[in-house]
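Breakdown of the fold
Spelled out from the first residue to the last, the chains are:
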Amino acid sequence: MGDLLLVRHGETEWSLSGQHTGWTDIPLTDNGRRQARSLAPLVGGFRIGAAFTSPLRRARETAELVGFPDAYVDPDLREWDYGAYEGVTTVEIHRTRPDWYLFTDGVAPGPPEHPGESPEQVGERADRMLAKVDAALANNEGSVVLFAHSHFLRVLTARRLGLPASGGSMFLLATGTVSRLSTEHGRPVVASWNLRP
């Protein structure tokens, strides 16, 4: 059975400024495009049986630049819906909620079109995505690659390892990186993390 590769999209203006970028559909910066292109040899070293991408532009663009323009677009790979915290930095949130922590507290409710998600709701999406990954891996055609976002991929990693969604807090994930989840003696493990060329 193959491995699960996690590709966080390249840099954006909001990843630089520290703004929570959930469903706001912003593009990569020029540096983000360079980061994405540089990942092609890392991912290309694996036999890929299936590729999935978030529908958001920054992830789709990363998938294309890495060499997967036909990656299957799956809405379960969207970033956390930050609700009222969309576009807001952690520093700004701490002015009114000094002890706030995303992975345990979730977000303040937002408008009807993106009301926000709790850690548990993001965990449920991650579990759905992992079921699709397992179905693809069961075909034994190689590894699976996901092009997505920091907080979502951190929760997905926690769920893969049997941790609660809040366990995603332990996996810092930089822009323009590849991480690999594998198995050892039939158990899921982190085989590599935050790789860049």
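Below is a short write-up of the structure. (Residues numbered from 1 in each chain as written. Predicted model: local features only at pLDDT ≥ 70, side-chain atom pairs only at ≥ 80, totals over all residues. Heavy atoms only, no water.)

On to the nonpolar core. Core analysis: the largest hydrophobic core is formed by 31 residues, its most contacted members being L4, V144, L146 and L156. Counting only elements with at least two residues in this core, the list comes to β1 (4-8), β2 (48-53), α6 (102-105), α7 (119-138), β4 (143-148) and α8 (150-160). Broken down by element, the residue count for this core peaks at seven residues, all from α7. Not counting residues within four places of it along the chain, the set of residues in contact with L146 comprises L4, L5, L6, V7, F52, L77, M129, V133 and L156. Counting twelve residues, the second largest nonpolar core, distinct from the first, contains L5, A51, V66 and A71. (Core = buried A, V, L, I, M, F, W, Y, C linked by side-chain atoms within 4.5 Å. Buried < 20%, exposed > 50% of the residue type's maximum accessible area, 1.4 Å probe, protein only. Helix = DSSP H or I, 4+ residues; strand = E, 2+ residues; numbered from the N terminus. Contact = heavy atoms within 4.5 Å.)

On to the packing of aromatic side chains. Applying the stated criterion across every chain yields a total of six aromatic pairs. Geometrically, the ring pair formed by W80 and F103 is edge-to-face, given 5.8 Å between the ring centres and 85 degrees between the ring planes. Of this pair, W80 sits in the loop between β3 (72-73) and α5 (90-96) while F103 sits in helix α6; the two residues are 23 residues apart in sequence, bridging distant segments of the chain. Accessibility classification places W80 together with F103 in one group, the buried group. Aromatic rings pair up to connect W80, Y101 and F103 into one cluster. Just above the ring of W23 sits the side chain of R78; from NZ or CZ to the centre is 4.5 Å. (Phe/Tyr/Trp six-rings, centres within 6.5 Å; stacked < 30°, edge-to-face > 60°. Lys NZ or Arg CZ within 6 Å of the ring centre and 35° of its normal.)

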